[in-house]
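Topology and contacts: notes
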Amino acid sequence: MGILRTRTTSAAVRIQVSRTGRPALQSPIKAPRIKPASLPIDLSRDLPLDQILVGDCIAAIERLPAASVDLVFADPPYNLQLGGDLRRPDDSLVDAVDDDWDKFSSFAEYDAFTRAWLAACRRVLKPDGALWVIGSYHNIFRVGSILQDLGFWMLNDIVWRKANPMPNFRGRRFTNAHETLIWAARGEGSKYTFHYEALKGGNDDLQMRSDWYLPLCTGEERLKDDAGAKVHPTQKPEALLARVMLSASNPGDVILDPFFGTGTTGAVAKALGRHFIGCERDPGYAKAAAQRIAAVTPLPPEAFATAPSKRSEPRVPFLSLVEAGLVKAGEIVTDEKRRHKAVIRADGTLLLDPAVGSIHKVGALAQGLPSCNGWTFWHVERAGGLMLLDVLRAEIRVQMAAA
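The structure reproduced in this document is the subject of the present report. (Residues numbered from 1 in each chain as written. Predicted model: local features only at pLDDT ≥ 70, side-chain atom pairs only at ≥ 80, totals over all residues. Heavy atoms only, no water.)

Further remarks concern the packing of aromatic side chains. Summed over all chains, the structure comprises 10 aromatic pairs. Between tryptophan 132 and tryptophan 183, the aromatic rings sit 5.4 Å apart at their centres with planes inclined by 20°, giving stacked as the arrangement. Note that tryptophan 132 is positioned in strand E4 (residues 125–135) and tryptophan 183 in strand E6 (residues 178–185), a separation of 51 residues in sequence. Both residues of the pair, tryptophan 132 and tryptophan 183, count as buried. On the numbers, 4.8 Å between centres and 75° between planes, the contact of phenylalanine 377 with tryptophan 378 is edge-to-face. Classification of tryptophan 378 by relative accessible area gives buried; the value is 0%. Ring pairs connect the aromatic residues Trp132, Trp183, Tyr192, Phe194, Tyr196 and Trp212, which therefore count as one cluster. Of note, lysine 162 hangs over the ring of tryptophan 160, and the distance from its end group to the ring centre comes to 5.2 Å. Its end group placed over the ring of tryptophan 212, arginine 243 keeps NZ or CZ at 5.0 Å from the ring centre. (Phe/Tyr/Trp six-rings, centres within 6.5 Å; stacked < 30°, edge-to-face > 60°. Helix = DSSP H or I, 4+ residues; strand = E, 2+ residues; numbered from the N terminus. Buried < 20%, exposed > 50% of the residue type's maximum accessible area, 1.4 Å probe, protein only. Lys NZ or Arg CZ within 6 Å of the ring centre and 35° of its normal.)

Spelled out as structure tokens, the structure:
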């Protein structure tokens, strides 16, 4: 996904914030050209839309109003447990994740931290909200178990298959070529957002699968400092966040990112007409994110407007087509290859002698199948050839919308 971005520099000093001390929040960093909020912000009343809250994420989220967020995207510390330097065969040093924020003294400490931020996120999610969390084999199974313990409802696990993974330099394990995302609704009864038809349409009319083949974040998209070093070691690609947002959120939704980093969530949200709330304890990352987001030009609304779901469209009985004169009683309907023919009756049923039934029932009977979508099976003869009944149904829906 191509969006405007600018080169950024990291802050000279990075502060360490306790994971459990719940320090007071510092002033929000507001991306330029985003309406500033008055300070101090009362997060219990005023939702800090399109702002980066610098400080401990749990403390920040606990101050947000309950049921105020539509979607959470979380890229938490992976707890990689790296020991010593990692080197390539030529003895050059690999720029691996060795920052303090990814270090925990034990699995118990990591689990407690995970439980705390997940519980905080669940409180601020709306009843029909959902959460995405990404991780590696080091942490994602622990995160998934805690998600279920807290009452989240698993929807899918997504495998992000990397087009250009880092090799396994020591040659002692398989190349780690993927990461796993968990998509979970706030609860079992949540009516979560999922744009099935839009995803299918963008995938050559095939169902979008749960394995996503996307490259790592490289090139101009990768934020680097003046020395050419990566600003953040685990910056995620914009294409990954775009697919998450386009599949599971709507324009105008509020997306919370507890581990904002250099702001990929915010940059993509701004481009796609969503709001974001970012929590980031490192002021250097927050500064880079603010500069990056300021350079983003939102796409025109028609480029990301949610396509109407077929399930949300008004129901149109076949009889309505007869009553509107779009088809006539006594007219013949046929399949695409003209192998099966049936007669339209005045009451909106079809006759396939001797059987009488709905367009769906008769379509199934003609094919010897247990079910059939009659709207996409039957056609009528019109000037120029066959016309699908579904096309005529769309005309009725246009009339209903204009009424």
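Having put the structure on the table, let's press on.
Before going further, it helps to spend a moment on the sheet that holds strand E15 (residues 385–388). Picture the strands of a sheet paired through backbone hydrogen bonds; they go either parallel or antiparallel. Taken in spatial order, the 6 strands of this open sheet run E13-E12-E11-E10-E14-E15, and their pairing is antiparallel. Across the chains shown, the open sheet's two edge strands, defined by having one partner strand only, are strand E13 (355–357) and E15. When the angles between neighbouring strand axes are averaged without regard to direction, this sheet yields 40°. Inspection of the sheet shows strand E10 (residues 332–334) paired to strand E11 (residues 341–344) by 3 bridges, in the antiparallel sense. For valine 333, the partnering residue across the bridge sits in E11 and is alanine 342. Where helix H11 (residues 389–402) meets the sheet, its contacts fall on strand E14 (379–382) and E15, and the angle it forms with E15 comes to roughly 55°. (Pairing = 2+ DSSP bridges. Axes fitted to C-alpha atoms, helices over the stretch in contact; angles between N-to-C directions. Contact = heavy atoms within 4.5 Å.)

Right, let's get into the pairing of strand E9 (residues 275–280). The buried fraction of E9 amounts to 5 of the 6 residues, a majority that puts the element mostly inside the structure. Examined bridge by bridge, strand E2 (residues 51–54) and E9 share 4 bridges and lie parallel to one another. Residue pairing for E9: valine 54 is matched across the bridge by glutamate 280. Across 4 bridges, the pairing between strand E8 (residues 254–257) and E9 is parallel. Each residue of the ladder has a partner; that of valine 254, found in E9, is histidine 275. A crossover connection joins E8 to the parallel E9 through helix H6 (residues 264–271); in handedness this β-α-β unit is right-handed. (Right-handed = clockwise from strand over helix to strand, strands pointing away.)

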